[in-house]
Amino acid sequence: MTKHPIRFFGLGLGPGDPDYMTVRARKVLESADRLVHFCKRGRRGNARTIADAVVGQNPEREIPLVYPVTTEIPADHPDYAAALNPFYEEAAARLLAEIEAGRTVAVLCEGDPFFYGSFMHLWWRLKDKVPTEVVPAVSGMSGAWTRAGAPITWGDDVLTVVPGTLPEAELTRRLSGTDAAVVMKLGRNLPKVRAALATAGLLERAIYVERATMAEEKIVPLPDLPQDFDAPYFSLIIVPGQGRRV
Ligand SMILES: C[S@@+](CC[C@H](N)C(=O)[O-])C[C@H]1O[C@@H](n2cnc3c(N)ncnc32)[C@H](O)[C@@H]1O
């Protein structure tokens, strides 16, 4: 039986510093016929920026997928799904046409593709139609705790990962009783997240990390961050565990 060559890739590029890209990701980046990246209107996607270290701009090779909305509409609002569903449907159809024309398509992903990645919305639409490979990567949170010099889990520590988009009561419930935590998708959720961490008794140990492993990286103990601090979307909070040290 002949094995079908892979035509559709979810390419994890790591947390920002291109040196953290895997050998596999680099190989696919160099060889794929089409490089797909998600971006906001008028902006370059973070994943595409990471790829700059390996591939130059070639308009024929690039497929930018411009989100119709990002943070303007809350993700649990019906208008969000109404805008995003056709966007992903059209994007999947466009990539399928490329693949059926014999080309290899790589979707560039910041961090790991299967960890809160937009790529997943294309993956489940295409995975049963075309031979697919997902290339794993160092995640943003892994880059963050490494750069902060903060081992995240010791011994039997339990790690809880939450998106900062959850309501404050839910954040507090999820964070209470955990040994270690990561809060993703900060941005304008920072004040709410800070309040939830304080209620859960984790504020003193919390560390704010912005653009981990990138040139503009910022790492600050959360209690030292001004109350009115304007966090970008590309930031997270880590709370290192304090488990068994032998
Ligand atoms: C849609 S999720 C994508 C996560 C990504 N797939 C990963 O493996 O880290 C985007 C969120 O990841 C977090 N993030 C990813 N990379 C980061 C980095 N280098 N520094 C800080 N936060 C990061 C931020 O919280 C951001 O809001």
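Remember, predicted model here, so these are calculated numbers, not experimental data. (Residues numbered from 1 in each chain as written. Predicted model: local features only at pLDDT ≥ 70, side-chain atom pairs only at ≥ 80, totals over all residues. Heavy atoms only, no water.)

## Thoughts on the side chain of Glu62
By the element assignment, Glu62 lies in strand β3 (residues 62-66). Residue Glu62 is classed as buried on the basis of its relative accessible area of 11%. A polar atom in the side chain of Glu62 sits 2.8 Å from the side chain of Arg48. Excluding anything up to four places from it in sequence, Glu62 contacts Leu35, His37, Arg48, Gly56 and Gln57. (Helix = DSSP H or I, 4+ residues; strand = E, 2+ residues; numbered from the N terminus. Buried < 20%, exposed > 50% of the residue type's maximum accessible area, 1.4 Å probe, protein only. Polar contact = N/O pair within 3.5 Å; in protein donor to acceptor, adjacent residues only side chain to side chain. Contact = heavy atoms within 4.5 Å.)

## Describing the packing of aromatic side chains
Overall, the coordinates contain 10 aromatic pairs when judged by the stated rule. Aromatic pair Phe38 and Tyr67: ring centres 5.3 Å apart, planes at 15°, arrangement stacked. Separated by 29 residues along the polypeptide, Phe38 in strand β2 (residues 34-39) and Tyr67 in the loop between β3 and α3 (78-100) bring together distant segments of the chain. Each of the two residues, Phe38 as well as Tyr67, counts as buried. (Phe/Tyr/Trp six-rings, centres within 6.5 Å; stacked < 30°, edge-to-face > 60°.)

## Here's the deal with the packing of helix α6 (residues 168-175) against helix α7 (residues 190-199)
Interhelical geometry of α6 versus α7 gives an angle of 40° and a closest axis separation of 8 Å. One finds that α6 runs oblique with respect to α7. As for the relative orientation of α6 and α7, their crossing is right-handed in sense. On the side of α6, the interface is formed by Glu168, Leu171, Thr172 and Leu175, while α7 contributes Lys192, Val193, Ala195, Ala196, Leu197 and Thr199. For the contact of α6 with α7, the class distribution of residues is six nonpolar, two polar and two charged. (Axes fitted to C-alpha atoms, helices over the stretch in contact; angles between N-to-C directions. Parallel < 35°, antiparallel > 145°, perpendicular 65-115°, else oblique. Left-handed = near helix turned anticlockwise from the far one by under 90°. Nonpolar A, V, L, I, M, F, W, Y, C, P; charged D, E, K, R; others polar.)

## Re the sheet that holds strand β9 (residues 218-221)
Sheet strands line up and pair through hydrogen bonds in the backbone, either parallel or antiparallel. As summarised here, the arrangement of the five strands in space is β6-β7-β10-β8-β9, forming an open sheet in which the pairing is mixed. If you trace the sheet from one side to the other, it starts and ends with β6 (159-163) and β9, each paired once. Ignoring strand direction, the axes of neighbouring strands in this sheet form an average angle of 15°. Pairing analysis gives four bridges linking strand β8 (residues 207-210) to β9, with the strands arranged antiparallel. If you follow Ile207 over to β9, its bridge partner there is Pro221. Sheet strands in contact with α6 are β6 and β7 (180-184), and its direction is about 170° off that of β6. (Pairing = 2+ DSSP bridges.)

## Regarding the site of the ligand
Inspection of the region around the ligand gives 18 residues, with Asp112, Phe115, Gly140, Tyr233 and Ser235 positioned closest. One of the backbone nitrogen or oxygen atoms of Ala212 is found 2.9 Å away from a nitrogen atom of the ligand. Across the complex, the protein chains shield 95% of the 560 Å² of accessible surface that the ligand would expose by itself. Of the residues contributing to the shell around the ligand, the split by class is 10 nonpolar, four polar and four charged. Both of domain 1 (8-135) and domain 2 (140-239) provide at least three residues apiece to the shell around the ligand. (Near = heavy atom within 4 Å. Areas by Shrake-Rupley, 256 points an atom, 1.4 Å probe, with all protein chains shown as cover. Domains from an automatic or database assignment.)

## Some thoughts on the pattern of salt bridges
When their charged atoms lie close together, side chains carrying opposite charge are able to pair. Tallying each qualifying case throughout the model produces 14 salt bridges. For Glu98, the salt bridge identified is with Arg34, shortest N-O distance 3.1 Å. Taken together, the residues span a long stretch of sequence, with Glu98 in helix α3 and Arg34 in strand β2 at a distance of 64 residues. A residue is classified by how much of its surface remains accessible, and Arg34, at 17% relative accessible area, is buried. Residues joined by salt bridges that share partners form a network here, namely Arg44, Arg48, Asp52 and Glu62. (Salt bridge = Lys/Arg side-chain N within 4 Å of Asp/Glu carboxyl O.)

## Observations concerning the packing of α3 against helix α4 (residues 119-126)
Between two packed helices, both the angle of their axes relative to each other and the distance between the axes serve to describe the pair. Interaxial distance between α3 and α4 falls to 9 Å at its minimum, and their mutual angle equals 60°. One element, α3, and the other, α4, form an angle in the oblique class. The interaxial crossing formed by α3 with α4 has right-handed handedness. Seen from α3, the contacting residues are Asn85, Tyr88, Glu89, Ala91, Ala92, Leu95 and Leu96; seen from α4, they are His121, Leu122, Arg125 and Leu126. Here the residues of the contact of α3 with α4 sort into seven nonpolar, two polar and two charged.

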